[in-house]
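Now for the letters of each chain:
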Amino acid sequence: MRTGSAYSALAAILIAVAAILLTALSAARPGPPAAPAPAEPATVDLSVIITGVGALGAAEHHFFNPSMITVRRGDTVRLRVMNLTFSTHGFEIEGYGVRTRPLPGGPKGQETLTVVADKVGMFRYRCYVPYNPATGDCSPDHETQVGYLVVLDQPR
C-alpha cells in the first residue's frame, strides 16, 4: 500500500513531465496562432419550458426555463416551447414578431418557433396571454413571467 507522500511524489513527477512537454510543444510552434476565421451561422435547437414553483396545480410563481438564451447574429434558433403548467400560457419574443398560439398545459401545450437572429441586442420574451382566473388563462404573476434572448454581434 502506498502512503500519501508516495502519491504526492508521483503527482509532482507527472506535473513536471507535463510542464516539460508543454514547454517543448510551445517552443516548436512559430509565433502566435492565427485567429480562426468566423464560423458560418449555426442552427441552434433549444427548448423553453413554462413551469412553476409551488404546490402541484397551484404554483406560486411561473417562469420560463431557461430565462436567458444567448446566440450570435445570423444564427437560426429553433425554440421548442412547452407548457408544463395547468394554466394556458403563450410565448412571444418582442422585437422579432414571433409567438406561439395559446398553449394549454400538458402534452398538447407545445409548439416550435424558428427565428433568424438578425438583430443584435437583448429582446424580452414573455407570456402574452392575459391573466383570467375564470378561464384558467395564465396566472396572477403574469407580469413577472419573462426571459431574454441575447443576440451577440461577435464572430464564432
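Provided above is the structure to which this section pertains.
Residues numbered from 1 in each chain as written. Predicted model: local features only at pLDDT ≥ 70, side-chain atom pairs only at ≥ 80, totals over all residues. Heavy atoms only, no water.

Participant: Is there a simple way to think about the overall build of the protein chain in this case?
Facilitator: For the protein chain, the count of helices and strands is one helix and nine strands. Reading the protein chain from its N end, one meets helices and strands in the order α-β-β-β-β-β-β-β-β-β. Counting all 156 residues of the protein chain, 28% fall into the buried class. Taking the contacts inside the protein chain whose residues are at least 6 apart along the sequence as the reference set, 63% of them involve residues at least 24 apart. A total of about 9,800 Å² of accessible surface is found on the protein chain, and carbon and sulfur atoms cover 62% of it. (Helix = DSSP H or I, 4+ residues; strand = E, 2+ residues; numbered from the N terminus. Buried < 20%, exposed > 50% of the residue type's maximum accessible area, 1.4 Å probe, protein only. Contact = heavy atoms within 4.5 Å. Areas by Shrake-Rupley, 256 points an atom, 1.4 Å probe, with all protein chains shown as cover.)

Participant: Teacher, can you tell me more about the side chain of T100 here?
Facilitator: Along the polypeptide, T100 turns up in the loop between β6 (98-99) and β7 (110-116). Discounting residues that sit within four places of it in the chain, T100 has contacts with V81, G90, F91, E111, L113 and Y128.

Participant: Would you explain the pattern of salt bridges in this entry?
Facilitator: Oppositely charged side chains are able to pair whenever their charged atoms sit close together. Enumeration over the complete set of coordinates arrives at seven salt bridges. Its salt-bridge partner being R124, residue E94 comes within 2.8 Å of it at the nearest N-O pair. On the criterion of sequence distance, the pair formed by E94 in the loop between β5 (92-93) and β6 and R124 in strand β8 (residues 121-126) is long-range, its members being 30 residues apart. Classification of E94 by relative accessible area gives partly exposed; the value is 29%. Given a relative accessible area of 29%, R124 falls into the partly exposed group. Across the pair E94 and R126 runs a salt bridge whose closest N-O atoms are separated by 2.9 Å. Here R126 lies in strand β8 and E94 lies in the loop between β5 and β6, a separation of 32 residues in the sequence. The exposure class assigned to R126 is partly exposed, which follows from its relative accessible area of 21%. Shared partners join several salt bridges into a network, and the residues in it are E92, E94, R99, R124 and R126. (Salt bridge = Lys/Arg side-chain N within 4 Å of Asp/Glu carboxyl O.)

Participant: What is the right way to look at the sheet that holds strand β9 (residues 146-152) in this model?
Facilitator: Backbone hydrogen bonds are what pair the strands of a sheet, in a parallel or an antiparallel way. The sheet built from five strands is open, its strands ordered β3-β9-β8-β5-β6 with mixed pairing. If you trace the sheet from one side to the other, it starts and ends with β3 (68-72) and β6, each paired once. (Pairing = 2+ DSSP bridges.)

Participant: Quick question: what am I supposed to make of the packing of aromatic side chains here?
Facilitator: To describe a pair of aromatic rings, you give the distance between the ring centres and the angle between the ring planes. A full pass over the atoms with the stated rule returns four aromatic pairs. Ring plane angle 75° and centroid distance 5.5 Å describe the contact between F64 and Y125, whose orientation is recorded as edge-to-face. Here Y125 lies in strand β8 and F64 lies in strand β2 (residues 58-65), a separation of 61 residues in the sequence. Centre to centre, the rings of Y96 and F123 are 4.9 Å apart; their planes meet at 75°, and the pair counts as edge-to-face. Pair noted here: Y96 is in the loop between β5 and β6 and F123 is in strand β8, with a separation of 27 residues, a long-range link. These aromatic residues form a ring-pair network of at least three members: F64, F91 and Y125. Above the plane of the ring of Y128 lies R99, whose end atom (NZ or CZ) is 3.7 Å from the centre. The ring of Y96 carries K119 above its face, with NZ or CZ at 4.7 Å from the centroid. (Phe/Tyr/Trp six-rings, centres within 6.5 Å; stacked < 30°, edge-to-face > 60°. Lys NZ or Arg CZ within 6 Å of the ring centre and 35° of its normal.)

Participant: I would appreciate a short explanation of a nonpolar patch on the surface in the present structure.
Facilitator: On the surface, M68, M122 and Y148 cluster together into a nonpolar patch covering about 310 Å² of accessible area. By the secondary structure assignment, M68 is in strand β3. On the basis of relative accessibility, which here comes to 47%, the residue M68 falls in the partly exposed class. (Patch = residues over 30% accessible without salt bridge, like charges linked within 9 Å, V, L, I, M, F, W, Y side chains within 5 Å.)

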